Amino acid sequence: MKLVDRLLQRTSEMMDPHAANVIAFSGGVDSSLVAALVHRAFNNYHISYDSNLSITQRRGSLQAVLGISAAVPQTQIIMARKVAQTIGIELTEVPTSEGSDE
């Protein structure tokens, strides 16, 4: 089994395709790899139907979230947006204020 296949299998085992799956995303190597794996594993999940074509398993959601503050350089924000778009994952930007708390 190839490394990518093992990573996808392990990712599938850790996530819940029926729940809200949220990824803390910076656009760096670590969070980008996690986002790509979860996105691919999530998109491989298929909705099941019964004999009346009613959904028997509901699909959850997948969201990458990027904290935006004065501590995050604009170049990192731009890179995170580009990486999320390349992966194909929806990116939500949330204003944070970690620098203002003494």
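Residues numbered from 1 in each chain as written. Predicted model: local features only at pLDDT ≥ 70, side-chain atom pairs only at ≥ 80, totals over all residues. Heavy atoms only, no water.

### Overview of the overall build of the chain
Turning to step 1, where the next piece is worked out: In terms of helices and strands, the chain carries three helices and three strands.
Turning to step 2, where the next piece is worked out: Residues counted as buried form 27% of the 102 residues belonging to the chain.
Turning to step 3, where the next piece is worked out: Working note: accessible area of the chain is about 7,000 Å², and carbon and sulfur atoms make up 55% of it. (Helix = DSSP H or I, 4+ residues; strand = E, 2+ residues; numbered from the N terminus. Buried < 20%, exposed > 50% of the residue type's maximum accessible area, 1.4 Å probe, protein only. Areas by Shrake-Rupley, 256 points an atom, 1.4 Å probe, with all protein chains shown as cover.)

### A word on the sheet that holds strand β2 (residues 61-68)
Turning to step 1, where the next piece is worked out: Taken in spatial order, the three strands make up an open sheet running β1-β2-β3, and their pairing is parallel. This sheet does not close on itself; its edge strands, each paired only once, are β1 (20-24) and β3 (91-95). Across this sheet, the average inter-strand angle for adjacent strands is 35 degrees, counted without regard to direction.
Turning to step 2, where the next piece is worked out: Helix α3 (residues 74-87) rests against β2 and β3 of the sheet, and its axis sits at about 155 degrees to β3. (Pairing = 2+ DSSP bridges. Axes fitted to C-alpha atoms, helices over the stretch in contact; angles between N-to-C directions. Contact = heavy atoms within 4.5 Å.)

### Examining α3
Turning to step 1, where the next piece is worked out: If you check α3, its first and last C-alpha atoms are 20 Å apart, about what 14 residues at 1.5 Å a residue would give, namely 20 Å.
Turning to step 2, where the next piece is worked out: Within the sequence span of α3, burial applies to I77, A80, A84 and I87. An end-on view of α3 places all buried positions within 95 degrees of arc, on one side of the element. Across from the buried face of α3, at angles greater than 90 degrees, the exposed residues are T75, K82, Q85 and T86. (Expected span 1.5 Å × (residues − 1). Arc of directions from axis to C-beta.)

### Focus: helix α2 (residues 29-43)
Side chains three or four residues apart in an α-helix point the same way, a direct result of the helix having 3.6 residues per turn.
Turning to step 1, where the next piece is worked out: Here α2 contains 15 residues, and its C-alpha end-to-end distance of 21 Å stays within 8% of the 21 Å for a straight helix at 1.5 Å per residue.
Turning to step 2, where the next piece is worked out: Among all positions in α2, only S31, S32, A35, L37, V38, H39, A41 and F42 are buried.
Turning to step 3, where the next piece is worked out: Elements in contact with the buried residues of α2: α1 (3-14), β1, β2 and α3.

### Some words on the pairing of β2
Turning to step 1, where the next piece is worked out: Relative to β2, β1 runs parallel, the two being bridged by five bridges. Each bridged residue has a counterpart across the sheet, and for V22 the counterpart in β2 is Q63.
Turning to step 2, where the next piece is worked out: Sheet topology places β2 next to β3; five bridges connect them, and they run parallel. Bridging across to β3, I68 finds its partner in P95.
Turning to step 3, where the next piece is worked out: Once the chain exits β2 it traverses α3 before rejoining the sheet at β3, and the crossover so formed is right-handed. (Right-handed = clockwise from strand over helix to strand, strands pointing away.)

### Overview of the nonpolar core
Turning to step 1, where the next piece is worked out: Core analysis: the biggest nonpolar cluster contains 16 residues, and M15, I23, F25, A35, V38, L62 and I89 have the highest contact counts within it.
Turning to step 2, where the next piece is worked out: Elements supplying a minimum of two residues to this core: α2, β2 and α3.
Turning to step 3, where the next piece is worked out: Not counting the four nearest positions on each side in its chain, V38 is found in contact with T11, M15, I23 and L62. (Core = buried A, V, L, I, M, F, W, Y, C linked by side-chain atoms within 4.5 Å.)

What is shown is where atoms sit, not what they do.
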